[in-house]
Amino acid sequence: MVVPGLSSCDHQTVYHHYEHVSLGGWEKNDALHFAIPPVRTTGTYSEQLELRIDQTFPFLSLTMIVKQTVFREGLPIGATRHYRVIGQLAKSDGTMTGSGISYYQYSFPVTETVLEAGDSLDIEIVHNMKREIMPGITDVGFCLRRCEGK
């Protein structure tokens, strides 16, 4: 679930990484993992799912599940949370809405999380579409930014 009304804030990027998707397509059971090292500062952090696609992507949107586990000193500090992110990638006429020409880039808010100094995150992302293999997805990324003043 994308959290509506995430407050805006000035951001400081703490983690930003992409995982490449197989040329054959993103398989439904192929989870992409992001191991975010311990943060240095206690505060509120915004999480963003990022996506790169090409012109062969066959749908207007893509539904993804983000599984988040927060660790403190190597141990999980509560329940693993799941967020459903629905990314609108094209208009109803098929015009891509992302930035780019033959490859398109998108960024979707996931949530804001309060972390203490030393907390780390394990992020797992899968697509949640009826089709087993999603063609046209080239890279999936995750970005963690500290919200200044929070």
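As the structure is a computational prediction, the values presented were derived from the model and not from experiment.

On a plain count of helices and strands, the protein comes out with 0 helices and 11 strands. In sequence order, the secondary structure elements of the protein are arranged as β-β-β-β-β-β-β-β-β-β-β. By the compact-globule yardstick of 15 Å for 150 residues, the protein fits well, its C-alpha radius of gyration being 16 Å. By its C-alpha atoms, the protein is 45 × 30 × 20 Å across when sized along the principal axes. In the protein, which comprises 150 residues, the share counted as buried stands at 43%. Long-range pairs, those at least 24 residues apart, make up 81% of the contacts in the protein between residues at least 6 apart in sequence.

Right, let's get into the sheet that holds strand E4 (residues 43–54). With antiparallel pairing, 4 strands are arranged side by side in an open sheet as E1-E11-E4-E8. Looking at strand neighbours, the two that pair on one side only are strand E1 (11–20) and strand E8 (103–115), the edges of this open sheet. Across the sheet, the axes of successive neighbouring strands diverge by a mean angle of 20 degrees, strand direction being ignored.

Another point: unusual backbone geometry. The phi dihedral of Glu73 is positive, around 55 degrees, even though this residue is not glycine. Relative to the assigned elements, Glu73 resides in the loop between strand E5 (61–72) and strand E6 (75–76).

Turning our eyes to something else, we now look at the packing of aromatic side chains. Taken as a whole, this structure holds 3 aromatic pairs when the rule is applied. Residues Tyr106 and Phe108 carry aromatic rings whose centres are separated by 6.0 Å and whose planes lie at 10 degrees to one another, so their mutual orientation is stacked. The aromatic ring of Tyr18 is capped on one face by Arg52, whose charged end is 3.6 Å from the ring centroid.

Under the defined criterion, the tally for this structure stands at 4 salt bridges. Residues Asp119 and Arg72 are paired through a salt bridge, measuring 2.7 Å at the closest nitrogen-oxygen approach. Of this pair, Asp119 sits in strand E9 (residues 119–127) while Arg72 sits in strand E5; the two residues are 47 residues apart in sequence, bridging distant segments of the chain. Classification of Arg72 by relative accessible area gives partly exposed; the value is 29%. In this structure, a network of salt bridges that share partners links the residues Arg72, Glu116 and Asp119.

Empty space within the largest pocket amounts to approximately 190 Å³. Lining the largest pocket are Gln12, Thr13, Val14, Pro37, Pro38, Val39, Arg40, Thr41, Tyr45 and Arg146. Of the residues forming the lining of the largest pocket, the biggest block, 3 residues, is contributed by E1. Taken together, the residues of the lining of the largest pocket sort by class into 5 nonpolar, 3 polar and 2 charged.

Moving on: the nonpolar core. Note that soluble globular proteins tend to have their nonpolar side chains buried in a common cluster. One finds Trp26, Leu51, Leu62, Ile125 and Ile137 to be the most contacted residues of the largest nonpolar core, which totals 35 residues. Contributing elements (two or more residues each) for this core: strand E3 (32–36), E4, E5, strand E7 (81–88), E8, E9 and strand E11 (137–147). Top contributing element to this core by residue count: E8, with 5 residues. With residues up to four places along the chain from it excluded, the contact list for Leu51 reads Tyr18, Leu62, Met64, Leu89, Tyr104, Gln105, Tyr106, Phe108, Ile137, Asp139 and Val140.

Cut-offs and rules
Residues numbered from 1 in each chain as written. Predicted model: local features only at pLDDT ≥ 70, side-chain atom pairs only at ≥ 80, totals over all residues. Heavy atoms only, no water. Helix = DSSP H or I, 4+ residues; strand = E, 2+ residues; numbered from the N terminus. Rg over C-alpha atoms; globule rule 2.2 N^0.38 Å. Buried < 20%, exposed > 50% of the residue type's maximum accessible area, 1.4 Å probe, protein only. Contact = heavy atoms within 4.5 Å. Pairing = 2+ DSSP bridges. Axes fitted to C-alpha atoms, helices over the stretch in contact; angles between N-to-C directions. Phe/Tyr/Trp six-rings, centres within 6.5 Å; stacked < 30°, edge-to-face > 60°. Lys NZ or Arg CZ within 6 Å of the ring centre and 35° of its normal. Salt bridge = Lys/Arg side-chain N within 4 Å of Asp/Glu carboxyl O. 1 Å grid on protein atoms, 1.4 Å probe; cavity = no way out; pocket = protein on both sides within 12 Å on 5 of 7 lines; lining within 4 Å. Points joined across faces, edges and corners; volume = space filled by probe spheres on them. Nonpolar A, V, L, I, M, F, W, Y, C, P; charged D, E, K, R; others polar. Core = buried A, V, L, I, M, F, W, Y, C linked by side-chain atoms within 4.5 Å.

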